[in-house]
Amino acid sequence: MTKRWTNRPDGSNWGEFGEDDELGRINLITPQKVLEGVREVEHGITFSLSLPLDYPGGNALHDRRFPPIVKPITDMQQIASNFYNVVASDSIDPSFIDVWSDDVVTLWLQYSTQWDSLAHQGAKFDANGDGVDEPVYYNGFRPGQDILGPQEDAKGDGSGSTSFAKHLGLEHMAEHGVQGRGVLIDLEHHLGSDRTAVTLDILQDIMAKDNVVVEPGDMLLLHTGFADQILAWEKNPDPVKIHTTFSHLDASDDALLDWIAESQISALIADNYAVEGFSAPNPEPHTLLPIHHLCLFKLGIPLGELWHLGPLAKWLRENNRSRFLLTAPPLNLPGTQGSPLTPIATV
């Protein structure tokens, strides 16, 4: 065990799950929480909570993230990338009856339905206690030492990787397993498609109306309707409306930030772009994304974004429920800052 910090940020839980912890609040998904999720299964009905991974379409939502690119792998001579619809008897061996295809994908890991890892956002903070702020991530892990890149052979295996999180990558969530009780708050039912900044007062009013109760270790999901609209645009999103419609958490509301911390949720998930809206301009040092700062940097709460929650929200409302079994591990791809996934809700 190596303590990497002298000071920890106010309101953080650094060290509380161990000096070398890389899971954060996922530690709260205990066997008991898994059983609580399983007890929500009454009908055996499942809902896939992933968008097709080539949605939203284009790059109007984020100008540096693009749809996946799929190509064939190279041929048997490893020259041309054309190993697709290969009739083996024509090009490999006349005695074979097989037809083969194999492909490779270039994938922007946070283009569509995703988890943010705890290495996705850090902050400048005086973790050393010397009066000087330095870049640091959750639980004191450091860029250049623990989170590497951009640099040649960052992974150290000759694979050509130029970035690699030696610590805080999503493989730890994958290996722990992400399965437990999910709780959904249906913001869209109450707020519609208007771009509404949801304060704690608004959130708790909706929770009271829908009899939603959140307990420690629960994974909290917010249905705004954004992902339903993404699907309706059919990979041709309106470049203005994609940034100006549907609700998001109001990160300027300190009471809401306090509630997220005190609720002891293990994960925070939404069907929108970033869970929250951007902070207002301020000449003083500040974070652009206060809920990311709170969750990823201070508390180790992974964030889920662009999940497809519409059909699940509809079923839960029709059946007067808000809880279900959620199974949502990221890809077991070491060293990543984000991961696509296909989460499954079972009711």
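Described in the following lines is the structure provided in the data block. (Residues numbered from 1 in each chain as written. Predicted model: local features only at pLDDT ≥ 70, side-chain atom pairs only at ≥ 80, totals over all residues. Heavy atoms only, no water.)

### Examining the overall build of the protein chain
Within the protein chain, the regular secondary structure consists of nine helices and 19 strands. The C-alpha extent of the protein chain, read off along each of the three principal axes, is 70 × 55 × 45 Å. Across the 347 residues in the protein chain, those meeting the buried criterion constitute 49%. The long-range fraction of contacts in the protein chain, counting pairs at least 24 apart against all pairs at least 6 apart in sequence, stands at 72%. The centroid of the 23 positive side-chain charges in the protein chain is displaced by 3 Å from the centroid of its 49 negative side-chain charges. (Helix = DSSP H or I, 4+ residues; strand = E, 2+ residues; numbered from the N terminus. Buried < 20%, exposed > 50% of the residue type's maximum accessible area, 1.4 Å probe, protein only. Contact = heavy atoms within 4.5 Å. Lys, Arg positive; Asp, Glu negative; His and termini not counted. Charge placed at Lys NZ, Arg CZ, Asp CG, Glu CD.)

### Re empty space enclosed by the protein
By the definition in use, this model includes three cavities of 30 Å³ or more. Lining of the largest cavity is provided by Pro56, Gly57, Gly58, Asn59, Ala60, Leu61, His62, Arg65, Gln110, Tyr111, Tyr273 and Leu306. Its residues assigned to classes, the lining of the largest cavity shows six nonpolar, five polar and one charged. Reported here for the second largest cavity is a volume of approximately 50 Å³. (1 Å grid on protein atoms, 1.4 Å probe; cavity = no way out; pocket = protein on both sides within 12 Å on 5 of 7 lines; lining within 4 Å. Points joined across faces, edges and corners; volume = space filled by probe spheres on them. Nonpolar A, V, L, I, M, F, W, Y, C, P; charged D, E, K, R; others polar.)

### Regarding helix H9 (residues 310-318)
Side chains of residues three or four places apart in an α-helix project in the same direction, reflecting 3.6 residues per turn. Here H9 has its buried residues at Gly310, Leu312, Ala313, Trp315 and Leu316. Its buried side turned inward, H9 meets strand E1 (46-48), strand E11 (179-186), strand E13 (219-223), helix H6 (226-232), strand E17 (323-327) and strand E19 (344-346). Following H9 by one or two positions, Asn320 has its phi on the positive side, about 55 degrees.

### Comments concerning the sheet that holds E19
In space, the nine strands of this open sheet follow the order E1-E19-E17-E11-E13-E15-E16-E6-E18, with mixed pairing throughout. Among the strands making up the open sheet, the edge pair consists of E1 and strand E18 (338-340). For this sheet the average axis-to-axis angle between neighbouring strands, irrespective of direction, equals 25 degrees. Of the strand pairs in this sheet, E13 and strand E15 (residues 267-270) are connected by four bridges, and their pairing is parallel. Looking at E15, one finds that Leu220 is bridged to Leu268. (Pairing = 2+ DSSP bridges. Axes fitted to C-alpha atoms, helices over the stretch in contact; angles between N-to-C directions.)

### Brief notes about the packing of aromatic side chains
By convention here, two paired aromatic rings are described through the distance between centres and the angle between planes. The full count for this structure, using the stated rule, is nine aromatic pairs. Considering the side-chain rings of Trp14 and Phe125, the 6.2 Å spacing of their centres and the 80 degrees angle between planes classify their relative orientation as edge-to-face. Taken together, the residues Trp14 in the segment before helix H1 (31-38) and Phe125 in strand E7 (residues 123-125) connect sequence positions 111 residues apart. Comparing Trp14 with Phe125, the two get one shared label, buried. Between the aromatic rings of Phe96 and Trp100, the centroid separation amounts to 6.3 Å while the plane-to-plane angle is 65 degrees, which identifies the pairing as edge-to-face. Ring-pair connections join several aromatic residues into one group, and the members of that group are Trp5, Trp14, Phe125 and Phe297. (Phe/Tyr/Trp six-rings, centres within 6.5 Å; stacked < 30°, edge-to-face > 60°.)

### A word on the pattern of salt bridges
For the coordinates displayed, the defined rule picks out 17 salt bridges. Here Asp218 ties to Lys33 by a salt bridge, and the two come within 2.8 Å at their closest N and O atoms. Placement of the pair is Asp218 in the loop between helix H5 (200-209) and E13 and Lys33 in helix H1, with a sequence separation of 185 residues. The two residues Asp218 and Lys33 agree in class, both being buried. Overlapping salt bridges bring together Lys33, Glu36, Arg181, Glu215, Asp218 and Arg323 as one network. (Salt bridge = Lys/Arg side-chain N within 4 Å of Asp/Glu carboxyl O.)

### Let's talk about H5
Three or more residues of H5 are buried, namely Leu200, Leu203, Ile206 and Met207. Within H5, the buried residues cover an arc of 130 degrees as seen down the axis, which keeps them to one side. H5 presents Asp201, Ala208 and Lys209 as exposed residues on the side facing more than 90 degrees away from its buried surface. (Arc of directions from axis to C-beta.)

### Quick word on the packing of H5 against helix H7 (residues 254-263)
Where H5 meets H7, the axes come as close as 8 Å, and the angle between the chain directions of the two elements is 55 degrees. Here H5 is positioned oblique relative to H7, judged by the angle of their axes. Counted together, Leu200, Leu203, Gln204 and Met207 of H5 and Ala255, Leu256 and Trp259 of H7 form the full contact between these two elements. Of the residues in the contact of H5 with H7, the class split is six nonpolar, one polar and no charged. (Parallel < 35°, antiparallel > 145°, perpendicular 65-115°, else oblique.)

### Here we look at the side chain of Thr196
When you line up the elements, Thr196 lands in the loop between helix H4 (187-191) and strand E12 (197-198). Judged by relative accessible area, which is 18%, Thr196 ranks as buried. Setting aside its immediate chain neighbours within four residues, Thr196 contacts Leu191, Ile202, Phe246, Ser247 and His248.

### As for unusual backbone geometry
Residues Tyr55 and Pro56 are joined by a peptide bond in cis, for which omega reads 20 degrees. Structurally, the position occupied by Pro56 is in the loop between E1 and strand E2 (69-72). Of note, the bond from Gly149 into Pro150 is cis; its omega dihedral lies within 30 degrees of zero at -5 degrees. Relative to the elements of secondary structure, Pro150 occurs in the loop between strand E9 (147-148) and strand E10 (164-165). With a phi angle near 50 degrees, Asp153 is a residue other than glycine that sits in the positive phi range.

### A short note on the environment of Ala80
In this structure, Ala80 sits in the loop between E2 and strand E3 (86-87). Non-local contacts of Ala80, meaning those with residues more than four positions away in its chain, are made with Ile73, Thr74 and Asp75.

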